[in-house]
Amino acid sequence: MNGFSKYYQKDRQTRLNILVEQQKLSSAEVEKLAQAELDFELGDTMIENYLTQYQLPEGLALNYVIDGKEYLIPMVTEEPSVIAAASHGAQLVKKSGGFKAQVKERLMIGQIVLEQVSDAPTLAKKIKQQQDKLLTLANEAHPSIVSRGGGARELNVRILAPDMLSVDLVVDVKEAMGANMLNTMLEACAKYLEEELAVEVLLSILSNYATRCLVKVTCELPVENLTKGEISGAKIAQKIASASRLAQLDPYRATTHNKGIMNGIDAVVIASGNDWRAVEAGAHAYAARDEQYRGLSTWKLKGGKLCGELELPLPLATVGGSVSIVPLVKINQRLLELEDAKELEKIVAAVGLGQNLAALYALVTDGIQKGHMKLQLKSLAVSIGAKPQEVSQVVEKILAKKARDSATAQQILAEIRG
Ligand code: NDP
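Each chain has its residues counted from 1, running along the sequence as written. Predicted model: local features are reported for residues with pLDDT of at least 70 only, side-chain atom pairs are reported and counted for 80 or more only, and whole-chain, interface and lining totals are derived from all residues. Here the side-chain values reflect all heavy atoms present in the structure, with hydrogen atoms and water set aside.

Comments concerning the nonpolar core
And then number 1: Within the largest apolar cluster, 56 residues are counted, with the highest numbers of intra-cluster contacts made by Y64, I73, M75, F99, I265, W299 and L314.
And then number 2: For this analysis, residues touch if any pair of their heavy atoms sits within 4.5 Å. Not counting residues within four places of it along the chain, the set of residues in contact with I265 comprises V279, L310, L312, L314, V348 and G352.
And then number 3: The set of buried Ala, Val, Leu, Ile, Met, Phe, Trp, Tyr and Cys residues whose side-chain atoms join them within 4.5 Å is what this entry labels a nonpolar core. Accessibility here uses a 1.4 Å probe with only protein chains present; expressed as a share of the type maximum, an area under 20% marks a residue as buried, one over 50% as exposed, and anything in between as partly exposed. Judged by nonpolar contacts, the second largest core, of 38 residues, contains A138, V167, L169 and V199.

Quick look at the confidence of the model for the chain
Reading predicted coordinates in detail is not appropriate for stretches of low pLDDT.
And then number 1: Along the chain, pLDDT gives the predictor's confidence residue by residue, from 0 to 100. Averaged over all residues, the pLDDT of the chain equals 95, while 99% of them reach at least 70.
And then number 2: Reported for the predicted complex are a pTM of 0.91 and an ipTM of 0.95.

Points about the layout of surface pockets
And then number 1: Note on definitions: the grid is 1 Å and covers protein atoms alone; a cavity is a set of points where a 1.4 Å probe fits but cannot get out; a pocket is an open set with protein on both sides within 12 Å along at least five of seven lines; lining residues have an atom within 4 Å of a point. Grid points are joined across faces, edges and corners, and a volume is the space filled by probe spheres set on the points. Space inside the largest pocket adds up to approximately 1,600 Å³.
And then number 2: Along the walls of the largest pocket sit 45 residues, with M46, G273, S322, V326 and V329 positioned nearest its centre.
And then number 3: Every helix listed is a DSSP run of H or I at least four residues long, and every strand listed is a run of E at least two residues long, numbered separately from the N terminus. Counting only elements with at least two residues in the lining of the largest pocket, the list comes to helix 3 (40-46), helix 7 (143-147), helix 8 (179-197), helix 10 (251-271), helix 11 (276-287) and helix 12 (327-336).
And then number 4: If you tally residues by element for the lining of the largest pocket, the top one is helix 12, at four residues.
And then number 5: Amino acids are sorted into nonpolar (Ala, Val, Leu, Ile, Met, Phe, Trp, Tyr, Cys and Pro), charged (Asp, Glu, Lys and Arg) and polar (every other residue, Gly among them). Its residues assigned to classes, the lining of the largest pocket shows 24 nonpolar, 14 polar and seven charged.
And then number 6: For the domains described, the bounds stem from an automatic or database domain assignment. Domain assignment of the residues forming the lining of the largest pocket places at least three in each of domain 1 (36-102 + 213-366) and domain 2 (107-207).

Observations concerning the packing of aromatic side chains
And then number 1: Within 6.5 Å between ring centres, the rings of Phe, Tyr and Trp (the latter by its six-membered ring) count as paired, and their orientation is classed by plane angle as stacked under 30 degrees, edge-to-face over 60, tilted in between. Per the stated rule, a full pass over the model turns up three aromatic pairs.
And then number 2: Aromatic pair F40 and Y50: ring centres 6.0 Å apart, planes at 45 degrees, arrangement tilted. Taken together, the positions of F40 in helix 3 and Y50 in the loop between helix 3 and strand 1 (58-66) put the pair 10 residues apart, joining distant regions of the chain.
And then number 3: Judged by relative accessible area, Y50 falls into the buried class, the value being 1%.
And then number 4: Seen in terms of ring centroids, Y64 and F99 are 5.6 Å apart; in terms of plane orientation they differ by 10 degrees. Their pairing is stacked. With Y64 in strand 1 and F99 in the loop between helix 4 (82-94) and strand 3 (100-103), this pair connects stretches of sequence that are 35 residues apart. Each member of the pair, Y64 as well as F99, is classed as buried.
And then number 5: Taking the ring centre of Y286 as reference, the NZ or CZ of R289 above it sits at 3.9 Å. We call a charge positioned above a ring when the Lys NZ or Arg CZ atom is no farther than 6 Å from the ring centre and deviates by at most 35 degrees from the ring normal.

Digging into helix 11
And then number 1: The terminal C-alpha atoms of helix 11, which comprises 12 residues, lie 16 Å apart, in line with the 16 Å expected from a rise of 1.5 Å per residue.
And then number 2: Three or more residues of helix 11 are buried, namely A278, V279, E280, G282, A283, Y286 and A287.
And then number 3: Structurally, helix 11 contributes buried residues whose contacts are with strand 8 (214-222), helix 10 and strand 10 (305-313).
And then number 4: Pairs of N or O atoms are called polar contacts if they sit within 3.5 Å, as long as, within protein, a hydrogen donor faces a hydrogen acceptor (for residues adjacent in sequence, only side-chain-to-side-chain pairs). A distance of 3.1 Å separates the backbone nitrogen of R277 from a side-chain oxygen at the start of helix 11, and that oxygen is part of D275. Helices are assigned an expected span. That span is 1.5 Å times one less than the residue count.

Overview of the site of the ligand
And then number 1: We define proximity as follows: a residue is near a molecule or strand when any one of its heavy atoms falls within 4 Å of that partner. Neighbouring the ligand are 20 residues, the closest being S144, R148, G178, D275 and G321.
And then number 2: With respect to the ligand, the backbone of E175 contributes an N or O atom lying 3.0 Å from a nitrogen atom.
And then number 3: For the ligand, an oxygen atom lies 3.3 Å from a polar atom in the backbone of A179.
And then number 4: Pocket or cavity membership: a molecule qualifies when more than half of its atoms sit within 2 Å of the grid points of that site. Taken atom by atom, the bulk of the ligand overlaps the largest pocket.

Regarding the packing of helix 6 (residues 131-141) against helix 8
And then number 1: An axis is simply a line fitted to the C-alpha atoms; with a helix, the fit covers only the stretch in contact. Between two such axes, the angle follows the N-to-C directions and lies from 0 to 180 degrees. Viewed as axis vectors pointing N to C, helix 6 and helix 8 meet at an angle of 135 degrees, and their least axial separation amounts to 8 Å. With respect to helix 8, the element helix 6 is oriented oblique. Helix-helix and strand crossings are classified by hand; for helix 6 and helix 8 the assignment is right-handed. In this structure, helix 6 contributes K133, L134, L137, A138, N139 and A141 to the contact, and helix 8 contributes T184, M185, A188, C189, Y192 and L193.
And then number 2: Here the residues of the contact of helix 6 with helix 8 sort into nine nonpolar, two polar and one charged. Note on angle classes: values under 35 degrees are labelled roughly parallel, values over 145 roughly antiparallel, values of 65 to 115 roughly perpendicular, and the remainder oblique. We call a crossing left-handed when the near helix sits turned anticlockwise from the far one by less than a right angle, and right-handed when that turn is clockwise.

Re a nonpolar patch on the surface
And then number 1: Taken together, the side chains of L60, L62, L72, L328, I331 and L335 present a nonpolar region at the surface, about 480 Å² in accessible area.
And then number 2: Among the elements that line the nonpolar patch, the one with the most residues is helix 12, at three residues.
And then number 3: In this structure, L60 sits in strand 1.
And then number 4: The exposure class of L60 is partly exposed, given its relative accessible area of 36%. Residues form patches when they are more than 30% accessible in relative terms and have no salt bridge. Like charges link within 9 Å. Nonpolar side chains (Val, Leu, Ile, Met, Phe, Trp, Tyr) link within 5 Å. Residue-level accessible areas treat just the shown protein chains as cover; the underlying method is Shrake-Rupley with a 1.4 Å probe. Basic side-chain nitrogens of Lys or Arg form a salt bridge, by our definition, when they fall within 4 Å of a carboxyl oxygen of Asp or Glu.

If you want it as structure tokens, here you go:
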């Protein structure tokens with residue numbers, strides 16, 4: 001496209017001016033883009049062709065008690081009702097003693113994939129015999145992680161096809177997510193394998209299928225704590241357990257079940273400055289670990305209690321990447337009163353399970369729309385131009401109508417304005 005040559009070399013004002021010159025945006029629109037609070041240097045360090053700062057709302061989820069400690073949890077999301085639901089789910093669990101969470105290990109896996117292999121089993125054995133040498137090479141490539149008590153721990157070889165195998169390096173990355181760290185280690189090992197064993201390396205990179213970085217969170221609710229008006233807690237618990245079974249049986253439902261879980265998880269992952277695409281990719285792969293995509297959480301009735309469980313890979317960091325440079329992340333870490341990455345992983349998993357409980361509770365009682373509707377209508381009112389003082393009037397009036405669409409909302413707004 002004309003005018004955008006060497007765009008990355010221009011300063012921000014020039015980049016913005018080009019948008020006006022090329023008639024892509026008006027001066028008034030560009031003026032809005034120029035109002036970003038994020039410093040140009042920082043923005044341009046974080047991404048390429050930086051223009052402005054895209055803002056998302058941040059709010060607090062309440063009522064989260066995990067292993068006896070209560071948290072205030074910052075969540076960043078554009079979706080109405082996510083934070084309300086997360087807090088509601090946590091309130092039900094808090095009344096029943098809170099969440100329990102476990103992180104067994106916190107190791108990341110990276111792969112060096114070899115292709116054009118002629119005798120995969122023999123090569124796999126040869127590489128495995130060189131484990132100590134390869135672990136030493138990996139640690140020498142990133143010595144600072146060793147001095148922090150981490151480093152390369154294991155090397156495994158998987159035969160993917162008769163002519164292809166994956167050399168998996170397992171690394172303790174301490175407080176980091178470890179992508180760059182692992183990539184450096186993998187490249188050092190790949191070079192050695194090429195030189196010493198004359199193998200053909202296809203690629204070397206971290207795997208986002210972080211199966212050695214699993215978090216499990218559980219909770220148990222006496223069924224009577226689930227009672228809603230006339231509907232008994234036992235009935236609601238039975239329906240939630242059935243909805244959970246459904247998500248194990250049917251990928252169509254499992255996908256939506258997991259989307260609800262990720263509503264909570266992503267919002268905290270973003271607030272903590274972590275890579276939510278990495279978390280999403282790993283979570284969905286884990287949901288399909290037995291070759292059918294299933295719900296990540298389960299809810300079962302056991303002796304008068306509804307028992308919930310969620311296990312997933314959560315490679316989260318308290319340092320590195322954008323965690324260490326985005327100013328708001330530091331404040332969010334203070335709100336969370338975090339000790340380390342393991343604690344962050346437990347919090348995020350608990351929000352996933354709390355979010356899921358609230359969604360299932362709403363689905364099997366009122367249906368999801370009742371709770372959502374008022375919040376969605378508020379967004380609709382704002383989207384058609386209602387001022388803050390007009391929003392609640394538009395919402396009240398549109399609730400009485402059959403058609404709750406933007407044309408109706410505009411008509412109501414026009415009536416209010418007389
Ligand atoms: P960094 O490259 O920022 O590395 C983290 C660094 O933090 C370490 O190298 C270490 O450097 C320093 N550090 C300080 N204190 C500690 C501590 N207690 N424990 C561990 N490290 C510490 O980040 P990562 O390697 O974690 O990579 C994450 C980034 O990579 C994310 O931004 C992600 O989006 C991106 N990424 C993701 C990919 C994927 O998911 N597939 C692929 C490529 C990139 P030192 O010891 O020198 O101080």
